[in-house]
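Letter by letter, the chains look like this.
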Amino acid sequence: MAIRVQQALALPTKKEATYVVSMVVRCIEETLLNNLGTDGFTLKLDSFGKFSVRHKAGILRKIPFTGETILTKDRRKVRFVSLGELRQQERVLLARNGF
């Protein structure tokens, strides 16, 4: 994907293209987590993938040193599932590597 971004934006190095891709994905994740109050929300980008927001409830943890039990904070997580051409390319790479 970084190579395609590098060609489309005429960037001099693959490292810069990789940085652009990672920043776009990070911005999408932050926007989903910070601006959407709806869990289970899904953002689908054709031929790329699907981002979904999931709620993870807090859990009880025991602190070994003190023996105290605390409840951790609730969290929201972003999950990504690849689709289309990206998924096909992942499968080809996995098959080449014996997975």
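Everything below is about the structure shown above.
Values in this document were obtained by computation on a predicted structure and should not be read as measured data.

Participant: Teacher, can you tell me more about the sheet that holds strand β2 (residues 49-56) here?
Facilitator: The strands making up a sheet associate through backbone hydrogen bonding, with each pair oriented either parallel or antiparallel. Judged by pairing direction, the sheet is antiparallel, and its 3 strands sit side by side in the order β1-β2-β5 without closing on themselves. Every other strand in the sheet has two partners, leaving β1 (42-45) and β5 (75-82) as the edge strands with one partner each. Between one strand and the next, the sheet's axes are offset by a mean angle of 20 degrees, whatever the strand orientation. Across 8 bridges, β2 lies against β5 in antiparallel orientation. Bridging across to β5, His 55 finds its partner in Arg 76. Contacts from helix α2 (residues 14-35) reach β1, β2 and β5, with the element oriented near 135 degrees to β5.

Participant: Looking at this model, I keep getting lost on helix α1 (residues 2-9). Mind explaining?
Facilitator: Think of an α-helix as 3.6 residues a turn; residues three or four steps apart then line up on the same face. Within α1, burial applies to Ala 2, Val 5 and Gln 6. The buried residues of α1 all sit within an arc of 100 degrees when viewed along its axis, so they share a single face. When the buried face of α1 is taken as reference, the exposed residues oriented beyond 90 degrees from it are Arg 4, Gln 7 and Ala 8. Its buried side turned inward, α1 meets α2. Looking at the residues trailing α1, positive phi occurs at Ala 10, about 55 degrees.

Here is what the cut-offs are and how they apply
- Here the residue numbering is sequential within each chain, running from 1 through the sequence in written order.
- Reporting in this predicted model follows two pLDDT cut-offs: at least 70 for local features of residues, and 80 or more for side-chain atom pairs to be given and counted; totals over whole chains, interfaces and linings ignore these cut-offs and use all residues.
- Based on all heavy atoms of the structure, the side-chain values leave hydrogens and waters out of the count.
- Being paired, for any two strands, means DSSP has found at least two bridges between them.
- Numbering of helices and strands runs from the N terminus, with a helix taken as a DSSP run of H or I at least four residues long and a strand as a DSSP run of E at least two residues long.
- Fitted lines through C-alpha atoms serve as axes, helices being fitted only where they are in contact, and the angles separating the N-to-C directions of these axes extend from 0 to 180 degrees.
- Note on contacts: a residue pair qualifies if any of its non-hydrogen atoms lie within 4.5 Å across the two residues.
- Remark: exposure states derive from per-residue accessible area (1.4 Å probe, protein chains only) relative to the maximum for the residue type, with buried under 20%, exposed over 50%, and partly exposed in between.
- Here, the arc refers to the directions that run from the helix axis to the C-beta atoms.

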